[in-house]
Amino acid sequence: MPAMKTLENKVALITGAASGIGAETARLFASPGAKIAVADRDAAGGHKVAAETDGHAIEMDVTSEADWKRAVTATVETFGGLHVLVNCAGIELVKSMAETSYEDWRRVMSVNLDGVFLGTRAAIGVMRKGGSIVNISSVAGINGFSRQVAYCASKGGVRLLSKAAAVECAEAGLGIRVNSVHPGIIDTPMAQEILGTVEAKMRGEIEARWKLMHPIGRIGRAAEVAQCILFLASDASAFVTGTELVVDGGLTAR
Ligand code: NAP
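Residues numbered from 1 in each chain as written. Predicted model: local features only at pLDDT ≥ 70, side-chain atom pairs only at ≥ 80, totals over all residues. Heavy atoms only, no water.

Caption draft 1: Quick look at unusual backbone geometry. Phi at Asp54 is positive, roughly 55 degrees, even though this residue is not glycine. Located in the positive-phi region is Arg147, a residue other than glycine, with phi close to 65 degrees. Take Arg147: its relative accessible area is 39%, and that puts it in the partly exposed class. (Buried < 20%, exposed > 50% of the residue type's maximum accessible area, 1.4 Å probe, protein only.)

Caption draft 2: View of the site of the ligand. Taken together, 26 residues form the shell around the ligand, and within it Ser19, Ile21, Arg41, Tyr151 and Thr188 come nearest. Between the ligand and the protein, one listed contact pairs an oxygen atom with a side-chain N or O atom of Asp40 at 2.8 Å. Interatomic distance of 2.6 Å between a side-chain N/O atom of Tyr151 and an oxygen atom of the ligand. Of all elements in the fold, only helix H2 (20-29), helix H6 (149-171) and helix H7 (189-196) reach the threshold of two or more residues within the shell around the ligand. (Near = heavy atom within 4 Å. Polar contact = N/O pair within 3.5 Å; in protein donor to acceptor, adjacent residues only side chain to side chain. Helix = DSSP H or I, 4+ residues; strand = E, 2+ residues; numbered from the N terminus.)

Caption draft 3: View of the sheet that holds strand S1 (residues 11-15). Across the sheet, which stays open at both edges, the seven strands sit in the order S3-S2-S1-S4-S5-S6-S9 with parallel pairing between neighbours. What marks the edges here is a single partner per strand, and that holds for strand S3 (56-59) and strand S9 (244-247). In this sheet, neighbouring strand axes are inclined to one another by 20 degrees on average, regardless of whether the strands run parallel or antiparallel. In this structure, strand S5 (residues 132-136) lies alongside strand S6 (residues 177-183), joined through five bridges in parallel fashion. In the strand pairing of S6, Ser132 is matched with Arg177. The sheet strands contacting helix H3 (residues 43-53) are strand S2 (35-40) and S3, and the helix crosses S3 at an angle near 165 degrees. Most of the contacts of helix H4 (residues 65-79) go to S3, to which it runs at about 165 degrees, and overall it touches S1, S2, S3 and strand S4 (84-87). (Pairing = 2+ DSSP bridges. Axes fitted to C-alpha atoms, helices over the stretch in contact; angles between N-to-C directions. Contact = heavy atoms within 4.5 Å.)

Caption draft 4: Local environment of the packing of H2 against H3. Contact pair H2 / H3: the axes reach a minimum separation of 9 Å and the direction vectors enclose 20 degrees. With respect to their mutual orientation, H2 and H3 come out roughly parallel. Handedness of the crossing formed by H2 with H3: right-handed. Contacts between H2 and H3 involve Ala23, Ala26 and Arg27 from the former and Val49, Glu52 and Thr53 from the latter. Among the residues making up the contact of H2 with H3, the classes are represented as three nonpolar, one polar and two charged. (Parallel < 35°, antiparallel > 145°, perpendicular 65-115°, else oblique. Left-handed = near helix turned anticlockwise from the far one by under 90°. Nonpolar A, V, L, I, M, F, W, Y, C, P; charged D, E, K, R; others polar.)

Caption draft 5: Fine view of the side chain of Asp40. For Asp40, the location among the structural elements is in strand S2. An unpaired buried charge is present at Asp40: no salt bridge exists, and Arg41, the closest side chain of opposite charge, is 5.4 Å distant. At 3.0 Å, the side chain of Asp40 forms a polar contact with the backbone nitrogen of Ala18. There is a polar contact of 2.8 Å between the side chain of Asp40 and the backbone nitrogen of Asp42. Not counting residues within four places of it along the chain, the set of residues in contact with Asp40 comprises Gly16, Ala17, Ala18, Ser19, Ile58, Glu59 and Met60. (Lys, Arg positive; Asp, Glu negative; His and termini not counted. Salt bridge = Lys/Arg side-chain N within 4 Å of Asp/Glu carboxyl O.)

See the structure below:
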């Protein structure tokens, strides 16, 4: 279904929209009639994506309650409402349990889980019937992975936060849906950053291992995740709430 029809007359706020999956989502959502608020802590990157998508750039830190208030208010004042929130901002941490300091743990929880809580709560406060919240978790929110204790815990939290919010919104008759998306390894700056932390001679081996992890035989593309986010954001998924959409080339099917 073309984005033009599915998000016509809708206002979407996307966090982490300066890069990777969030930026691809903003590009896919951009169409005549759809209004996009491009939110990120990377102001320059956010302005670039906003210019490409005819969107409105909002510099924000998703861990700040005050920033959420400002971002939601700016979106409503600029575009007249809020119909879709995509909580995509996130950070990775590849460290063993022993290497993970409490400060590391708190930082990952703060961005990946507190940020999604603050955003979901702020959006529910202004959304009307037909609203949709899409929270980006990970396959690491379903399965455990070595050297990712904080990341897995934060993404597992996003999965159940989304289900609890979905049930609460539905039972309260708010007409707001909440779902989570669980990508496998996706070729974005985040994945490249992880590769950058390993010795150059090991990178080929890691990339080969990443491909083998996915039965489809390759890692994913940001645009492929964006298509799934679009489905959950749009009225095409009107009877879908509290679910987890896995986009992982079969990784978790094994
Ligand atoms: P990315 O390319 O690194 O983009 C993430 C964006 O979020 C960046 O622009 C980043 O800004 C921004 N951000 C980080 N912390 C923020 C904060 N506190 N406030 C506002 N913005 C913040 O990552 P990606 O790969 O597209 O990942 C997007 C989401 O998908 C994340 O939640 C990630 O955990 C999830 N995911 C990714 C993969 C993957 O393999 N790529 C797999 C599963 C799930 P800075 O550049 O300044 O940090």
